Amino acid sequence: ALIVMYHDLAESIGDVAPGHRPYVLAPAVFRRQMKLADETGLRALSLSEWCAGGAPGAALAITFDDGHVSNHALALPILVEFALKATFFITAGRIGTGGTMSWPELRALHRAGMEIGSHTLTHRPPSTLDDRELRHELVESRRILEDGLGAPVTSISSPTGFFNARMSDIAREVGYRALCIGRIGLARDQGDSFSLNRVAVKRAMGEAQFRALLRHDRMTLASMRARQWIRELARETMSVESYLRLRRLLMRAKAD
């Protein structure tokens, strides 16, 4: 099965911060991708449906991270148009702030049949947190979301590229049923639901590459994974602050 990850949509990236631009797609591009997904015949399930065995081997799980307002304003109408379900991972401590969705918008997603999951409480890099802090991030974010939605929250995604392997154990301990991580690859039908691979769909991804992903093309996945391995090596050899500082400098230089 394939789990794809989106972040934000916008007609123009002129006012978007350079570091965020790679994660912002034009609505027309997203609509085209959803049309292609619909045409493949893959059944688009929420993450909880897929984990429950909704369509072994032939599923597509569409996910969004961070809770940007465009998820409701621009992505939701397109998903509804093609009768596709998606899972939206929300940073519970940021709801309604800094361009993120408000409670009425989150409840509208839920009423439309979308799944709401946790993206932790504060979006801090998990690798910088100890077990007590991780447990608080997971438990408190779920409590806030469940109280606000009046519905169970059973899935979570790890924020930032700085993963903490203990997050899988803690997510299981506190009652989640699935955890998405940032590693590129297919999610195995009978694999560990607390280390689910995803593929980030970024602005630079062309239609041919997206089609290849929908076919589960292994060469495409291997190429993407190789580039990710280089980034992971940099994260492991640098501090979080140094890596983020370098990334901001590279993004700014690319935008100039």
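Residues numbered from 1 in each chain as written. Predicted model: local features only at pLDDT ≥ 70, side-chain atom pairs only at ≥ 80, totals over all residues. Heavy atoms only, no water.

Looking now at the pairing of strand β6 (residues 87–90). Neither face of β6 is exposed, since T87 and F89 on one face and F88 and I90 on the opposite face are all buried. Here strand β5 (residues 59–65) pairs with β6 via three bridges, running parallel. The residue of β6 that forms the bridge with F64 is F88. Crossover connection from β5 via helix α3 (residues 70–81) to parallel β6: handedness right-handed. Here β6 runs beside strand β7 (residues 115–118); their pairing, made up of four bridges, is parallel. Residue pairing across strands places F88 opposite I116, the latter belonging to β7. (Buried < 20%, exposed > 50% of the residue type's maximum accessible area, 1.4 Å probe, protein only. Helix = DSSP H or I, 4+ residues; strand = E, 2+ residues; numbered from the N terminus. Pairing = 2+ DSSP bridges. Right-handed = clockwise from strand over helix to strand, strands pointing away.)

Among the structural elements, S102 can be located in the loop between β6 and α4 (103–111). Given a relative accessible area of 25%, S102 falls into the partly exposed group. In this structure S102 touches I95 and G96, once residues within four positions along its chain are discounted. (Contact = heavy atoms within 4.5 Å.)

On to the packing of helix α1 (residues 27–40) against helix α7 (residues 207–214). Interhelical geometry of α1 versus α7 gives an angle of 30 degrees and a closest axis separation of 11 Å. Compared by their axis directions, α1 and α7 come out roughly parallel. Crossing geometry of α1 relative to α7 is assigned as right-handed. Contacts between α1 and α7 pair R32, Q33, L36, A37 and T40 from the former with E207, F210, R211 and L214 from the latter. Here the residues of the contact of α1 with α7 are counted per class, giving four nonpolar, two polar and three charged. (Axes fitted to C-alpha atoms, helices over the stretch in contact; angles between N-to-C directions. Parallel < 35°, antiparallel > 145°, perpendicular 65-115°, else oblique. Left-handed = near helix turned anticlockwise from the far one by under 90°. Nonpolar A, V, L, I, M, F, W, Y, C, P; charged D, E, K, R; others polar.)

The next subject is the nonpolar core. The biggest cluster of nonpolar side chains holds 57 residues, and the ones touching the most others in it are Y6, F30, M34, I62, F64, L79 and F88. Those residues in contact with I62 that sit more than four places away from it in its chain are V4, Y6, M34, A44, L45, L79, L84, K85, A86 and T87. I3, A61, A178 and A187 belong to the second-largest nonpolar core, a separate cluster that totals 12 residues. (Core = buried A, V, L, I, M, F, W, Y, C linked by side-chain atoms within 4.5 Å.)

Scanning the entire structure with this criterion turns up zero disulfides. Cysteine C51 remains unbridged, with the sulfur of C180 as its closest cysteine sulfur at 7.5 Å. (Disulfide = S-S within 2.5 Å.)

Turning our attention to the environment of A208. On the secondary structure map, A208 appears in helix α7. A208 sits in the exposed class, given a relative accessible area of 61%. Between the C-alpha atom of A208 and that of S118, which follows or precedes it by 90 residues, the distance is 31 Å.

In this section: helix α8 (residues 218–237). Relative to the 28 Å expected for 20 residues at 1.5 Å per residue, α8 spans 28 Å between its end C-alpha atoms, a close match to the ideal helical length. Here α8 has its buried residues at T220, L221, M224, Q228 and R235. In an axial view of α8, the angular spread of the buried residues amounts to 80 degrees, which keeps them on one side of the axis. What points out from α8, more than 90 degrees from its buried face, is the exposed set R218, M219, W229, I230, E236 and T237. The N-cap of α8, judged by a side-chain oxygen 3.4 Å from the amide nitrogen of M219 a few residues on, is D217. (Expected span 1.5 Å × (residues − 1). Arc of directions from axis to C-beta. Polar contact = N/O pair within 3.5 Å; in protein donor to acceptor, adjacent residues only side chain to side chain.)

Here the focus is the pattern of salt bridges. Applying the stated rule across the entire model yields 13 salt bridges. Here R143 makes a salt bridge to D147, at a shortest N to O gap of 3.0 Å. Here R143 pairs with D147, and both are found in helix α5 (residues 131–149), just four residues apart, close to one helical turn. Among the residues examined, R143 registers a relative accessible area of 39% and is labelled partly exposed. Owing to a relative accessible area of 55%, D147 belongs among the exposed residues under this scheme. Of the charged contacts, one joins R172 and D192 as a salt bridge, the two residues approaching to 3.5 Å between their closest N and O atoms. Separated by 20 residues along the polypeptide, R172 in helix α6 (residues 166–173) and D192 in the loop between β9 (178–180) and β10 (199–200) bring together distant segments of the chain. With relative accessibility at 44%, the residue R172 sits in the partly exposed group. On the basis of relative accessibility, which here comes to 37%, the residue D192 falls in the partly exposed class. (Salt bridge = Lys/Arg side-chain N within 4 Å of Asp/Glu carboxyl O.)

Scope: geometric values only; no functional claims are made or implied.
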